[in-house]
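Chains, contacts and geometry: an overview
Okay, here's what each chain looks like letter by letter:
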Amino acid sequence: MLLVDALEEQTFGPGVRVINQGDKGNLFYIIKDGEAVVYEENAQGKKKVNHLFKADFFGEKALLSDEPRAATIESVTKLVCLTLQRQTFVEILGPLQDLMAREKSEAVVSQRMNKLLTRGTPSTVPAEVQIIRPSTVTGYDV
């Protein structure tokens, strides 16, 4: 089976909980378009621990370890994901477990979050528009 044949597309509106911490995991997600935030919840409340963008992935830990979801993922913008069922994920992507773990390591996530704090996220950075006007319009100086 080819990976491309196994992927299914799912779309979520802004503010939708895609996965809930504590739930059983059956899908792996790759973000095709949009943004999502990762929250961990405990007795003190919920804490943002990561911000995900196009080409990021999530949901792998629950599939590899057969444990409940470790965090809640919520869409920030319209979110389009490619999903993979548990069995196919383990068969095709299981051998990449070390690479996936490195991408989700504390050092990589901390670096990403620090960068976001200084630059902002694409969904919160104001748009910059440059207007270029021709020096003449139909023979008249502007």
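Structure report, in brief. Every value quoted in this text rests on a predicted model; they were computed, and no experiment measured them. Every chain's residues receive numbers from 1 upward, in the order its sequence appears when written. Restriction of local features to residues with pLDDT of at least 70 applies here, the model being predicted, together with a cutoff of 80 or more for giving and counting side-chain atom pairs; totals for whole chains, interfaces and linings are based on all residues. Calculation of side-chain values draws on the structure's entire complement of heavy atoms; hydrogens and water are dropped beforehand.

Take the environment of Glu9 next. Each helix is a run of DSSP H or I of at least 4 residues and each strand a run of E of at least 2, with the numbering of both proceeding from the N terminus. Within the secondary structure, Glu9 is located in strand S1 (residues 8-12). Buried residues are those whose accessible area, probed at 1.4 Å on protein chains only, stays under 20% of the maximum for their type, while exposed residues exceed 50% and partly exposed ones sit between those limits. Judged by its relative accessible area of 46%, Glu9 falls in the partly exposed class. Setting aside residues no more than four positions away along its own chain, Glu9 makes contact with Lys32, Val80, Cys81 and Leu82. Side-chain atoms alone can form a polar contact between residues adjacent in sequence; in general such a contact is a pair of N or O atoms within 3.5 Å, and within protein one must be able to donate a hydrogen while the other accepts it. Side-chain polar atoms of Glu9 contact the side chain of Lys32, separated by 2.7 Å. The criterion used for residue contact is that any of the two residues' heavy atoms lie within 4.5 Å.

Look at Ala55: it is not a glycine, yet its phi comes out positive at around 80°. With respect to the helices and strands, the residue Ala55 is situated in the loop between strand S5 (45-52) and strand S6 (57-58). Judged by its relative accessible area of 58%, Ala55 is exposed. Its identity is not glycine, yet Asp66 carries a phi of approximately 55°, on the positive side. With respect to the secondary-structure elements, Asp66 resides in the loop between helix H2 (60-65) and strand S7 (72-75).

Another aspect to go through is the sheet that holds S7. With respect to topology, 4 strands assemble into an open sheet ordered S2-S7-S4-S5, the strand pairing being antiparallel. Of all strands in the sheet, those bounded by a partner on one side alone are strand S2 (17-19) and S5. Here the strands of the sheet are splayed against their neighbours by 35° on average, with no regard to which way each runs. When strand S4 (residues 36-42) meets S5, the two strands line up antiparallel, connected through 7 bridges. Each bridged residue has a counterpart across the sheet, and for Val38 the counterpart in S5 is Asn50. When DSSP locates at least two bridges between a pair of strands, those strands are taken to pair. For every element, the axis is a line fit to its C-alpha atoms; helices are fit only across the contacting stretch, and the angle between N-to-C directions ranges from 0 to 180 degrees.

With antiparallel pairing, the 4 strands of this open sheet are ordered in space as S1-S8-S3-S6. Strands at the two margins of the open sheet, each flanked by one partner only, are S1 and S6. Relative to strand S8 (residues 79-85), S1 runs antiparallel, the two sharing 5 bridges. Bridge pairing links Phe12 to Leu79 in S8.

On to the pattern of salt bridges. Close approach of charged atoms allows side chains with opposite charge to pair. Note on definitions: salt bridges are taken to be side-chain nitrogens of Lys or Arg within 4 Å of carboxyl oxygens of Asp or Glu. Scanning all chains against the criterion turns up 4 salt bridges. The partner of Arg17 in a salt bridge is Glu41, and the shortest N-O contact between them spans 3.6 Å. With Arg17 in strand S2 and Glu41 in strand S4, the pair connects residues that are 24 residues apart, well separated along the chain. Assessed through its relative accessible area of 38%, Arg17 is described here as partly exposed. For Glu41, a relative accessible area of 32% gives the class partly exposed. Linking Lys24 and Asp66 is a salt bridge whose minimum nitrogen-to-oxygen distance equals 3.7 Å. Placement of Lys24 in the loop between S2 and strand S3 (27-33) and of Asp66 in the loop between H2 and S7 is noted, with a sequence separation of 42 residues between them. Residue Lys24 shares its accessibility class with Asp66, and that shared class is exposed. Through salt bridges with shared partners, a single network forms among Lys24, Asp66 and Arg86.

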